[in-house]
Amino acid sequence: MDKRFTLFAVLVALIFVVNQIVFSILFPPKPAPVAGPAQVAKARPDQAAPDKGPAAKPEPPAAQQAAPAQDAAEKPAAQLIAPAEVPAIAPQWGTLGSADPQNPYRMLVTWTNQGAAIERLEMNSHAYRDLEDRSGHLGFLAPADAPKKAGALVRVVGAGTPAALAGLQPGDVITALDDRKVASATDLIEALAERQPRETIQISVQRSGAPQRLSAELGRHPLAVIRPEHESDPVDIVQPNDHDPLSFLMTIQQFDERTLADDNRELGGLALRTSEWEVVEADQEKVSFRKAIPLLGLQVVKTYRLEKVPEDQQEDSNFPAYHLWLDVSIANVGDRPHKVAYRLDGPTGLPIEGAWYANKVGRNWSGGTGLRDIITHFHGGETKQISPTQLADPQFKENWSNFPLDYIAVDSQYFAAALLPQKENPTDAWFADIRPIRVGAVPKEKANTRLIDVSFRLDSATADLAPNGKPLEHRFQIFAGPKKPPLLAQYGLPNDTLGDLVYYGWFGIVARPMLAILHAFHQMSGNYGLAIIMLTVLVRGCMFPLGRKQALGAQKMQELQPEMKRINEKYKTEPEKKTRATQELFRQHNYNPAGGCLLAVVQLPIFMGLYRSLMVDVELRQAPLFGDGIRWASNLAAPDMLWNWTAVMPPFITQGSGFLVLGPYLNVLPLVTIALFVWQQKMFMPPPADEQAAMQQKMMQYMSIFVGVMFFKVASGLCVYIIASSIWGICERKLLPKASPKTDPAGGGMTLPGASSSGNGAADAKRRQRGRK
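Throughout what follows, the structure given in this document is the object of discussion. Model, not experiment: these values are computed from the prediction.

Let us now look at the sheet that holds strand β14 (residues 286-293). The sheet built from nine strands is open, its strands ordered β13-β14-β15-β16-β25-β21-β20-β18-β19 with antiparallel pairing. Sheet topology places β13 (278-282) and β19 (383-386) at the edges, where each strand pairs with a single neighbour. Averaged over neighbouring strand pairs, the angle between their axes works out to 20° when direction is ignored. With eight bridges joining them, β14 and strand β15 (residues 298-306) adopt antiparallel strand pairing. Bridged to F289 within β15 is K302.

Have a look at this one:
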């Protein structure tokens, strides 16, 4: 039997390995680009070459951003009246807020006048740092090649960044970092990618033709909630000019009888999404853009204003200041009335950190879930979720017409960006059409569709605009920040807040109270690793009666092994009699073989609740096991990632998807977890009574290894809980007094305390009574 089982196990493993090797040879995975600034420079045209206007920065092809096609209701551009001469507007960048958390802002927002868009939105709290890019951070500079390859031209410097603290200014040309020459924007970003946080560098710049030397201390990369998506397909190498659109782009959707179809970018003759807007007003808190459209006799104004934190609320991390205000205005400056509607797109490029291990809780069974989903909520309705897997299907169509929108959001694992219309009447329907859109390319590998960049598109209801009359005006609140329940509860309507973005699934009833206890333990200990261990002690302490009962049952099972062996030998060819005799033996000794499963059944909801908590609670993201100074296990919501083994392991182990894909890192905590499982089995498993029991025990050992492979990419915080729980169980068994077997004076064999040796408990009682007399 052992030989047959060993041969079976070897053959199964061999089939898995051969299948993966053949698959990797026939369909070799392409190397994923390094998620670092150097790749950004190569992928982003406006960071690798000086701007040359709209023609120099074409929008990338995407499923919902296809090349313009003339709608049946739209006249060709050649038949339109040529617009009046509009002075050319130079490209411009600027920032709102600050990267310094001591400032009265929660974020640093980088804007551009190309499309009057938001280019980046970065959290400034030290609690929200980029977990994957560990290179030194100088700040987002939007660099371009200086003329004649003389260096890297700095086009924006955000307040509070290391670049600003060093004295770097827009218009400076960086020529060298320390002793390394910088001849282009790519050189600058590649040089910074080789530096480390807290490293001090010397920057050589040309300012107004005069050389200067600046000193800067690099920091850690902040988390960008909104950014241009440079890696729509993480499996393929990103080609130049291939990035998704910027955030909150706007255009005219309808002008009189001309309407914009789904496959149109803009009406013929317009370029609101790609051309530069006039910057009317700009400071640290507000920026206002204006776009004149002589072709249509319209003027469009977009204004962003960043929320400020009051001085007395600076220490309150849940104060609702994680938002921008967006005001949209369209005025008729012509001499005829017009019917006008606008189209507004949502944010793009929300984080997909941990793409090789991360999971997100889905709300529906049919559509699955991605690392970024679209969440909508209409007044009086339910919260709905659309996943990137659904949007990757060409046959999938989902839109809502004339619904009273409360909010619509792009939802990632720990952060979200939501648009909330500020309506006087919640039942008003501002939009004739609301739809989720896919702005990223569909990956070639099906498993990576969950990583697609997604957004949403809003087409407003038509408004009648009189000449020089009242404009069409709408105001929006743009939330962009962490998914913390106390914070989200302050956004939206009283009964329809953004709190619905925090979703635990079926185990929310367990996860929420457990998280409250975990946060309380963190307040006491200051470390979430210790808090998880304290939670384990609390859980196992409360379940001690069940654990003790399970341990006594295991002892009793060990002591019953000789009797069970005799029964197996006696009824070897009579399975029915063997079953009845075994059941009678268990009944005589008050042993329930299913009692050992009770503890596992009770612990399962707690286990799943903690698992969901690590998937949802942003407080556990970036929480280290030992401290910020140790890179290993520096994020309890992710695997511990001891060593990057991509250089020594085959691609089918480190890349792609499948059972044997373990990821790019060697994780130690799952191995410790499985070692404890196997140790427990060997310590406490009774000797097998027959070949069937021996086979079952071998299967359990192999299952432990199988579970170990499945657990290899789980969060390290979950492994800490299992390890602590296993150690508690081992100690519980070791410290429990062992029952001493008693021998029946009549020679009937071993009996347990309080148990009879015969098959008739009443006869034994009478016999003992006669002996006493």
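Back to the text.
Running from amino to carboxyl end, helix α8 (residues 528-542) crosses helix α15 (residues 716-735) at an angle of 40°, the nearest separation of the two axes being 9 Å. The angle between α8 and α15 falls in the class oblique. Note that α8 runs across α15; the crossing there is right-handed. For the pair α8 and α15, the contacting residues are G529, I532, I533, T536, V537, V539, R540 and G541 in the first and G717, V720, Y721, A724, S725, W728, G729 and E732 in the second.

Our next topic: the sheet that holds strand β1 (residues 93-97). Sheet strands associate in pairs through backbone hydrogen bonding, adopting either a parallel or an antiparallel arrangement. The sheet built from four strands is open, its strands ordered β1-β2-β3-β10 with antiparallel pairing. Bordering the open sheet on either side are β1 and β10 (224-226), each of which pairs with just one other strand. Between one strand axis and the next, the sheet turns by 25° as a mean value, whatever way the strands run. In this structure, β1 lies alongside strand β2 (residues 107-112), joined through five bridges in antiparallel fashion.

Right, let's get into the pattern of salt bridges. It is possible for side chains bearing opposite charge to pair when their charged atoms get close. Going through the model one piece at a time under the given rule, you end up with 23 salt bridges. Where K360 meets D411, a salt bridge forms, and the shortest distance between an N and an O atom there is 2.7 Å. With K360 in the loop between β17 (338-345) and β18 (372-378) and D411 in strand β20 (residues 405-412), this pair connects stretches of sequence that are 51 residues apart. In terms of burial, K360 and D411 fall into one category: buried. One network of salt bridges, with partners in common, ties together K360, D373, D411 and K483.

Summarising the element assignment, K302 is placed in strand β15. Although K302 lies buried, it forms no salt bridge, and the closest oppositely charged side chain, D345, sits 9.7 Å away as judged by the N-O distance.

The rules behind each value
Residues numbered from 1 in each chain as written. Predicted model: local features only at pLDDT ≥ 70, side-chain atom pairs only at ≥ 80, totals over all residues. Heavy atoms only, no water. Pairing = 2+ DSSP bridges. Helix = DSSP H or I, 4+ residues; strand = E, 2+ residues; numbered from the N terminus. Axes fitted to C-alpha atoms, helices over the stretch in contact; angles between N-to-C directions. Parallel < 35°, antiparallel > 145°, perpendicular 65-115°, else oblique. Left-handed = near helix turned anticlockwise from the far one by under 90°. Contact = heavy atoms within 4.5 Å. Salt bridge = Lys/Arg side-chain N within 4 Å of Asp/Glu carboxyl O. Buried < 20%, exposed > 50% of the residue type's maximum accessible area, 1.4 Å probe, protein only. Lys, Arg positive; Asp, Glu negative; His and termini not counted.

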